Protein chains: 2
Amino acid sequence: MKEKPYHHGNLRNELIEAGIELINEVGLRDFSLRKVATKCNVSHAAPYSHFKNIDELVGAMGEHVTERFMDKLRASIRGREDSREAVSLLGQAYIEFFMEHPAFALFRKTAYRMFRRMGQPESGDSQRLIALWSMVHGIASLLTNPGVRYSGDWREVFIKRLEAKEREV
Amino acid sequence: MKEKPYHHGNLRNELIEAGIELINEVGLRDFSLRKVATKCNVSHAAPYSHFKNIDELVGAMGEHVTERFMDKLRASIRGREDSREAVSLLGQAYIEFFMEHPAFALFRKTAYRMFRRMGQPESGDSQRLIALWSMVHGIASLLTNPGVRYSGDWREVFIKRLEAKEREV
DNA sequence: GTAACAATCTTTACAGTGTAAAGATTTGCG
DNA sequence: CGCAAATCTTTACACTGTAAAGATTGTTAC
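Scope of this entry: the structure provided in the associated data block. Bear in mind the structure is a predicted one, so any value in this text is a computation, not a measurement. Going along each chain's sequence as written, the residues are numbered from 1 onward. Whichever chain is written first becomes A and whichever ligand is written first becomes 1, with later ones labelled in order. With the structure being a predicted model, the display of local features is reserved for residues of pLDDT at least 70 and the display and counting of side-chain atom pairs for 80 or more, all residues being used for whole-chain, interface and lining totals. As a rule here, side-chain values come from all non-hydrogen atoms in the structure, and water together with hydrogens is ignored.

## Examining the pattern of salt bridges
Stated precisely, the cut-off is as follows: Salt bridges are defined by distance alone: a side-chain nitrogen of Lys or Arg within 4 Å of a carboxyl oxygen of Asp or Glu. Each helix corresponds to a stretch of at least 4 residues labelled H or I by DSSP, and each strand to a stretch of at least 2 residues labelled E; elements are numbered beginning at the N terminus. Under the scheme applied here, a residue whose accessible area is under 20% of the maximum for its type counts as buried, over 50% as exposed, and between as partly exposed, the area being computed with a 1.4 Å probe on protein chains only.
Enumeration according to the criterion identifies 14 salt bridges over all chains in this entry. Residues D71(A) and R74(A) are paired through a salt bridge, measuring 3.4 Å at the closest nitrogen-oxygen approach. With D71(A) and R74(A) both in helix α3 (residues 54-76) and three residues apart, this pair spans about one turn of that helix. A relative accessible area of 44% places D71(A) in the partly exposed class. The exposure class assigned to R74(A) is partly exposed, which follows from its relative accessible area of 40%. Ionic pairing is found between K72(B) and E96(B), a salt bridge with its closest N-O pair at 3.7 Å. Of the two residues, K72(B) is situated in helix α3 (residues 54-76) and E96(B) in helix α4 (residues 86-100); the sequence distance between them amounts to 24 residues.

Below, the structure written as structure tokens:
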């Protein structure tokens, strides 16, 4: 039997990841510092060696999430940066991300900025991009609404509506 | 010396009003049921005779606020329902309201619906109204942002920008 | 190596929170 | 009047964030 060592070794990072899991499991209302600590098998005051208070932990969680968000966006258009397909793939990645992390709708404002910057390879064409984003945002809001579940394949809906928008212009 | 009567007489309404005051004084984070009860000189469990839980109290506060919000909008355009001025007055009332109640940015979504319905006397002309609203919303967001204070007269800015928008179309 | 120090973790403590349950007081109605 | 319903107080409990002091380990200077 191995004894649990007094020092955890990687607590700061595990607090961030356990925190992200927890807030997506139980929502913002039932999120608490002590639960995150318990999830890491650590006393309830241990987090204070790494974060000044609970807001600082949540802030670090936010940064971590937006990093993974940008990775996902970048990966979704790898190799086709300038293709016409790229903007559609970006939209799908955007929606998918917020379906995986519904509690992070809070961070959608900064997500939006990244999404726009990323989907704007050459200037101009901004009219179409704004229209696209409204749609993406709308679908994401709908699908991540608690109580709403969509049994079909949302990707189908998304692509259909994207094609319709293309014809409009 | 008058003895304080055992029954308050108007507790439900006073809880709602004291709650609105409190949330605008201390913000959402430090808002609590017990403080509202104390503000009404009543024991901390008294609110449970009128509300099932704290969410129900906050909900009632929201309803009360939106009622006052609509009153303010209606009063701002009294007598000039169909004039060209009306839409400008509506915008000013909208901004003013959220400056008086900064903590109620939460309710801005429903406020937006009312604002749109109110500013749409005859159908058509919707392009201009949407553009107007984006501006009103943007200014309201800016002015009610904690940490941002604008020393000048925001009304001046608002009207200038409105006139510019008119010329655009 | 060892002594001193810094980092990390546990324990203990406290004030504040929401809310459930039981008892007190008043109002209203038969 | 008498009894029931409404309203309020008291008490209690589990949970929260966080401050403070002590325990354990890792690191560095000598």
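Now that the structure has been shown, we can carry on.
## Digging into the packing of helix α1 (residues 11-26) of chain B against α3(B)
The angle between the axes and the distance between the axes are what describe a pair of packed helices. All names here are of chain B. Test applied: As a rule, the C-alpha atoms of each element are fitted with a line to give its axis, helices using only the stretch in contact, and angles between N-to-C directions run from 0 to 180 degrees. If an angle is under 35 degrees, it is roughly parallel; if it is over 145, roughly antiparallel; if it lies from 65 to 115, roughly perpendicular; otherwise it is oblique. What makes two residues a contact is simply this: any of their non-hydrogen atoms within 4.5 Å. Charged means Asp, Glu, Lys or Arg here, nonpolar means Ala, Val, Leu, Ile, Met, Phe, Trp, Tyr, Cys or Pro, and polar covers whatever is left, Gly included.
Look at α1 against α3: their axes get within 9 Å of each other, and the N-to-C directions meet at 80°. Between α1 and α3, the angle falls in the class roughly perpendicular. Listed contacts from α3 to R12, L15, I16, E17, G19, I20 and I23 of α1 are L57, A60, M61, H64, V65 and R68. In the contact of α1 with α3, the residues fall into eight nonpolar, two polar and three charged.

## A few points about the protein's contact with DNA strand D
The cut-off we apply is this: If a single non-hydrogen atom of a residue is within 4 Å of a molecule or strand, that residue counts as near it. Here a polar contact means two N or O atoms within 3.5 Å. Within protein one must be a hydrogen donor candidate and the other an acceptor candidate, and residues neighboring in sequence count only if both atoms are side-chain atoms.
Inspection of the region around DNA strand D gives 23 residues, with Y6(A), R34(A), Y6(B), S43(B) and H50(B) positioned closest. If you look at DNA strand D and keep only atoms within 4 Å of the protein, 54% of those are sugar or phosphate atoms. Within the side chain of Y48(A), one N or O atom sits 3.1 Å away from a phosphate oxygen of DNA strand D. The separation between a phosphate oxygen of DNA strand D and a polar main-chain atom of H8(B) is 2.9 Å. The leading source of residues in the surface near DNA strand D is helix α2 (residues 33-39) of chain A, at three residues. Residue classes in the surface near DNA strand D are distributed as nine nonpolar, 11 polar and three charged.

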